[in-house]
Amino acid sequence: MNGFRRAGEVQSANFQGRSGKRITKIFTVWPLLLYSFLHMDQANVLIIGGGVVGCAIACAVSQRWQDVFLVEQFPKLGMATSTRNSGVIHSGIYYPKNSLKARHCLEGNRLTYEFCAKHNVPHRHTGKLVVATDAHEATELIALKKRGEDNGVEGLRIIGPVEIHAREPYIKGVAALEVPSTGIVSAEELVHAHARVATNQGASIVTRAKVVSLEPSRETIRVGLRIGDEEDSQDETIEAKCVINAAGLFADEVAALLGNRSWRIYPVRGDYCEIRGPQSLLIHSLVYPLPHADGLSLGIHFTKTLWGTVLVGPTATYVEGKDNYEKDRLPIAEFARSAKTLLPEIEERDLQLGYSGLRPKLVPPGGKGIADFVITRDPAVPQAIHLVGIESPGLTAAPSIAQHVAQLVAEVLA
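Heads up: these notes are all about the structure in this document.

What counts as what
- Residues numbered from 1 in each chain as written.
- Predicted model: local features only at pLDDT ≥ 70, side-chain atom pairs only at ≥ 80, totals over all residues.
- Heavy atoms only, no water.
- Buried < 20%, exposed > 50% of the residue type's maximum accessible area, 1.4 Å probe, protein only.
- Helix = DSSP H or I, 4+ residues; strand = E, 2+ residues; numbered from the N terminus.
- Pairing = 2+ DSSP bridges.
- Right-handed = clockwise from strand over helix to strand, strands pointing away.
- Contact = heavy atoms within 4.5 Å.
- Axes fitted to C-alpha atoms, helices over the stretch in contact; angles between N-to-C directions.
- Parallel < 35°, antiparallel > 145°, perpendicular 65-115°, else oblique.
- Nonpolar A, V, L, I, M, F, W, Y, C, P; charged D, E, K, R; others polar.
- Salt bridge = Lys/Arg side-chain N within 4 Å of Asp/Glu carboxyl O.

Let us now look at the pairing of strand 4 (residues 68–71). Both faces of strand 4 are covered, namely the face carrying Val68 and Leu70 and the face carrying Phe69 and Val71. Pairing geometry for strand 3 (residues 43–48) and strand 4, over four bridges, is parallel. In the strand pairing of strand 4, Ile47 is matched with Leu70. Between the parallel elements strand 3 and strand 4, the chain passes through helix 2 (residues 52–61) in a crossover that is right-handed. In terms of strand pairing, strand 4 meets strand 11 (residues 204–206) through three bridges, oriented parallel. Each residue of the ladder has a partner; that of Phe69, found in strand 11, is Ser204.

One can find Thr305 in the loop between strand 17 (301–304) and strand 18 (310–313). On the basis of relative accessibility, which here comes to 5%, the residue Thr305 falls in the buried class. It is 9.6 Å that separates the C-alpha atoms of Thr305 and His284, two residues lying 21 residues apart in sequence. Residues contacting Thr305, with those up to four places away along its chain left out, are Arg124, Ile184 and Leu311.

Reading across from one edge, 5-10-6 is the order of the three strands in this open sheet, with antiparallel pairing throughout. Edge positions in the sheet fall to strand 5 (88–89) and strand 6 (123–124), since each of these pairs with one other strand and no more. Sheet topology places strand 5 next to strand 10 (residues 183–185); two bridges connect them, and they run antiparallel. Paired with Ile89 across the strands is Gly183, a residue of strand 10.

Two elements in contact, helix 3 (residues 100–119) and helix 6 (residues 187–200), have axes separated by 11 Å at closest approach and are oriented at 70°. Between helix 3 and helix 6, the interaxial angle falls into the category roughly perpendicular. Residues Thr112, Phe115, Cys116 and His119 of helix 3 form the contact with helix 6, whose participating residues are Leu190, Ala193, His194, Arg196 and Val197. Grouping the constituent residues of the contact of helix 3 with helix 6 by class yields five nonpolar, three polar and one charged.

Here the focus is the pattern of salt bridges. As enumerated under the stated definition, the model contains 21 salt bridges in all. Between Glu253 and Lys322 there is a salt bridge; the shortest N-O distance is 2.8 Å. In this pair, Glu253 is assigned in helix 7 (residues 251–257) and Lys322 in the loop between strand 19 (317–318) and helix 8 (332–339), connecting sequence segments 69 residues apart. Owing to a relative accessible area of 41%, Glu253 belongs among the partly exposed residues under this scheme. With a relative accessible area of 15%, Lys322 lands in the buried category. Asp271 is the partner of Arg269 in a salt bridge, and the nearest nitrogen-oxygen pair spans 3.1 Å. Each member of the pair, Arg269 as well as Asp271, is classed as buried. One salt-bridge network, in which partners are shared between bridges, spans Arg157, Glu163, Arg167 and Glu178.

The following block contains the structure:
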C-alpha cells in the first residue's frame, strides 16, 4: 500500500453560497489518509462521490463501521448536481408506485426534515401548489393526486381559484393540487452537514481525489486515485473491502472501470432565472405547473428561496458534455414567456439569468418515461455497489438511499 508523499492539512473553510451566506465547509484532507494508509492494510468502505448522496452514505455507514473513506474529484463537496437545483424537499407525488424513487422520496422527505432540524440546516416547510391552467390540466391533477396517494403521500387535496388566490394572489389557474409535505432547504448546507456528521463519526473525506482505476480481487477492490490539482498531482492506491459508486454524472464511467457498461448517463441541463427586489413578492412559496408528459422534467416552476428571491426554472435540455453549464443558454425572454402562463404579471425586465445544473438522466434523447434509480451490487464484482441515475428527487431521497446502501454494505462486509 502506497503512502502519501506530501501532507496537507485538516481544513474548515468558509465559502460564499448562492444564498449570499457564508457557509462552513468541513472536510478531512491528506494527513488522516496519510496516517491511515501507513497504519492499515485496507479500508472497510470507500465511497466515490461527494455529493449529497455520497455524503449521506458516509454519514450512515460511519455510524456502523470504521475506516470509511469518501473521495470527491472536485475541489468542493456537492459542486455538481447536488447544489445546482431548486433545493426543494419533494413529497413523492410524481413517481411510479413501488419505484425506488417513490419509496426513497417519501421516506427521505421525513428523514430530511428530521436531519435539518437536528443539525440546524436552514430549511422551511412551505407546501406547494401544482397548478392547472385549463380544464384538461385539471383532469390531469386528479391523476397526479391519485399517484401521490398510491405512493403514501398524505394531505393532498384539489383546490379551486379562490383558494389559489388566497395562497398565491398573482398566480392564474383553474385548479391546483395542494401538496403540504413539500419544502425547501439550503442544498449546500445540507451537503456539508452530512459531511460534518460523517467526519465527526470518524469518516475521512478527501476532495480533489479522482478515481482513475478499479482493480477487483477476490475480497477487495484496489482503487487508484489521482490526488491534487492537474498541475500538481500524485497517484495513490487504497484497497477497500467495499466500494460505493455514488459518482453522480460520472457513475456510468466509474462502473465502466470495473468492466460494467450496463448504463449510460445523458446529461440534461436545467437553466434558472431569478427574480430579485419587489417583484419577488409576486410568489409566496412553491408553484409548479403539471410535469412534462414525456417525464423529462417537472416543468419551469417558481421557488421562493430561503433568502427571499424567486427561482424560475429549470429548463430541460440534453447537452453534450458533463461540464456544459453555459453553452447556448436559454434567453431570458424565453423564461419570461414560459413564466407568464402561470404568473401573467411577470416581465422580462424582472428576471436575471441565474445558475444552471446538469441531471444524470438514464433516458436517452427522444426517449419517454421516468427511469428509476439504480441501486445495486455489481453482478460480477459483488464488493461494489452502484448508484446510477440519481437525479431528482435525489436531494430529498439521500438519507433514505443511504440507509438502503448501508444494508447492502452489511451484505458485503458480512
